[in-house]
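Structure assessment
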Amino acid sequence: MSAQFDFTGQTVLVTGGSSGIGLAIAQGFRDAGAAVTITGTQASIADYPDDLTTFTYHQVDMQDVPGVEALANGISKLDVLVNNAGTTFRGEAAYDPENFEATIDINLNSVYRLSHRLVPLLKASGGSIINIASMTSYFGSPRGPGYGASKSAILQMTMSLGALWARDGVRVNAIAPGWIATKLTAPIQGMAEIADPILQRTPMGRWGEPDEMIGTALFLASSDVAGFITGVTIPVDGGYCTL
Ligand SMILES: NC(=O)c1ccc[n+]([C@@H]2O[C@H](COP(=O)([O-])OP(=O)(O)OC[C@H]3O[C@@H](n4cnc5c(N)ncnc54)[C@H](OP(=O)(O)O)[C@@H]3O)[C@@H](O)[C@H]2O)c1
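These numbers come from a predicted model, not from an experiment.

Comments concerning the pairing of strand β5 (residues 128-132)
Counting buried residues in β5 gives 5 out of 5 residues, a clear majority hidden from the surface. In the sheet, strand β4 (residues 80-83) pairs with β5 via 4 bridges, with the strands oriented parallel. Looking across to β5, one finds that V82 is bridged to I130. For the handedness criterion, the β-α-β arrangement of β4, helix α3 (residues 97-125) and β5 is classed as right-handed. Strand direction decides the pairing type here: β5 and strand β6 (residues 171-177), joined by 5 bridges, are parallel.

Dropping the structure here:
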């Protein structure tokens, strides 16, 4: 699929590219010829089960403001910024105000900070930003109010920054994955009381795979085919949003 797109000579940063959706998107850009930097929370790529040797790796906790600044300071050229890193708290921990704030810091505030810091490089390259939203951008998230608030704000911020930077030649779009089988959702995939309603509501009747996000990411980043698209969030969800 990546062969349909050519990112040779382009530089891509995927936050949270060490795993799941971010890793799949990073692999997609790499296979299309880009030089890809990924981030993760661990000290080195040796700490991850997947082979990450074809990427430049940077350790950062997106809750750590100086850490995010250091990440930005290390980037001198950029064509595509994929703001993918994200997390959630589960169970009673999801209702702790400190965890609500942490979720907003990781999933939202760091996305704005990094985008704001790196947009001069994107203006210089005519590049674009891809944010990762969620079904909770559209629907209530009673098991994770901080997660839902952060992802709904991602959708709104995508519109705002898309409008703000349009005349600078920087497009800002988002992907809203449906329910995707990753490390993040592993705790609930086997919980029938949560997983069964998800699958019943998903017209395609299955969990999505991380690599099913690649095509939309490459499409949105391709200025020759998506050059008039900005501020949109595209669901890639097996039809979840249709019901
Ligand atoms: N899976 C789904 O069903 C789904 C649906 C909609 C949206 N999303 C979104 O998709 C994105 C990727 O999630 P995923 O499902 O692929 O989960 P994942 O496999 O757990 O990947 C999450 C990535 O974010 C990184 N990360 C987590 N907390 C971080 C922190 N505090 N600071 C810096 N990096 C952090 C992780 O680093 P480590 O590998 O070091 O932990 C990892 O690289 C997230 O924004 C998530 O909200 C997922």
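Back to the write-up after that little detour.
Topic: α3
Taking 1.5 Å as the rise per residue, α3 with 29 residues should run 42 Å; its terminal C-alpha atoms sit 40 Å apart, in good agreement. Largest kink in α3: about 45 degrees, centred on L118, with the proline P120 one to four residues after it. Structurally, the start of α3 carries an N-cap: the backbone nitrogen of E98 is 2.8 Å from a side-chain oxygen of D96. G126 sits one or two residues past α3 and shows a positive phi near 70 degrees.

Some thoughts on the packing of aromatic side chains
Taken as a whole and assessed by the stated rule, the structure comprises 6 aromatic pairs. With a centroid separation of 5.0 Å and an interplanar angle of 80 degrees, the aromatic rings of F7 and F29 are classed as edge-to-face. Separated by 22 residues along the polypeptide, F7 in the segment before β1 (11-14) and F29 in helix α1 (residues 20-31) bring together distant segments of the chain. You'll find F7 and F29 in the same group, each marked buried. Plain terms: the ring middles of F139 and Y240 are 5.9 Å apart, the flat faces sit at 70 degrees to each other, and that makes the pair edge-to-face. Taken together, the residues span a long stretch of sequence, with F139 in the loop between β5 and α4 (145-165) and Y240 in the segment after β7 (233-236) at a distance of 101 residues. Here R201 stacks its cationic end above the ring of F139, 4.5 Å away from the centre of that ring. Its guanidinium or amino end placed over the ring of Y240, R201 lies 4.2 Å from that ring's centre, counting from NZ or CZ.

With respect to the pairing of β6
In terms of burial, β6 is a largely internal element, 7 of the 7 residues being buried. Burial along β6 is two-sided: R171, N173, I175 and P177 and V172, A174 and A176, pointing in opposite directions, are all buried. For the crossover from β5 across α4 to β6, the handedness is right-handed. Two strands pair when backbone bridges link them, and β6 and β7 are joined in this way by 4 bridges, in the parallel orientation. Bridging from a neighbouring strand, I175 pairs with I234 of β7.

Topic: the site of the ligand
Surrounding the ligand, one finds 31 residues, the nearest of these being S19, T41, Y48, Y147 and T182. Against a free-state accessible area of 880 Å², the protein chains account for coverage of 93% of the ligand. Its residues assigned to classes, the shell around the ligand shows 13 nonpolar, 15 polar and 3 charged.

Things to note about the side chain of T158
As for its position among the elements, T158 is in helix α4. Polar contacts involving the side chain of T158 include one to the main-chain carbonyl oxygen of I154, which spans 2.6 Å. Contact partners of T158, with chain neighbours within four places excluded, come to N131, V172, N173, A174, G231, V232 and T233.

Section: the pattern of salt bridges
Proximity of charged atoms lets side chains of opposite charge pair with each other. Tallied over the entire structure, the rule returns 6 salt bridges. Across the pair E69 and R113 runs a salt bridge, and its minimum N-O distance is 3.2 Å. With E69 in helix α2 (residues 65-73) and R113 in helix α3, this residue pair connects regions lying 44 residues apart in the sequence. A relative accessible area of 23% means that E69 is categorised as partly exposed. Note on R113: relative accessible area 33%, which makes it partly exposed. Between D79 and K77 there is a salt bridge, with its nearest N and O atoms 2.9 Å apart. Three or more residues are tied together by salt bridges with common partners; here these are E69, R113 and R117.

Cut-offs and rules
Residues numbered from 1 in each chain as written. Predicted model: local features only at pLDDT ≥ 70, side-chain atom pairs only at ≥ 80, totals over all residues. Heavy atoms only, no water. Buried < 20%, exposed > 50% of the residue type's maximum accessible area, 1.4 Å probe, protein only. Helix = DSSP H or I, 4+ residues; strand = E, 2+ residues; numbered from the N terminus. Pairing = 2+ DSSP bridges. Right-handed = clockwise from strand over helix to strand, strands pointing away. Expected span 1.5 Å × (residues − 1). Bend = angle between axes of the 7 residues up to and from the residue. Polar contact = N/O pair within 3.5 Å; in protein donor to acceptor, adjacent residues only side chain to side chain. Phe/Tyr/Trp six-rings, centres within 6.5 Å; stacked < 30°, edge-to-face > 60°. Lys NZ or Arg CZ within 6 Å of the ring centre and 35° of its normal. Near = heavy atom within 4 Å. Areas by Shrake-Rupley, 256 points an atom, 1.4 Å probe, with all protein chains shown as cover. Nonpolar A, V, L, I, M, F, W, Y, C, P; charged D, E, K, R; others polar. Contact = heavy atoms within 4.5 Å. Salt bridge = Lys/Arg side-chain N within 4 Å of Asp/Glu carboxyl O.

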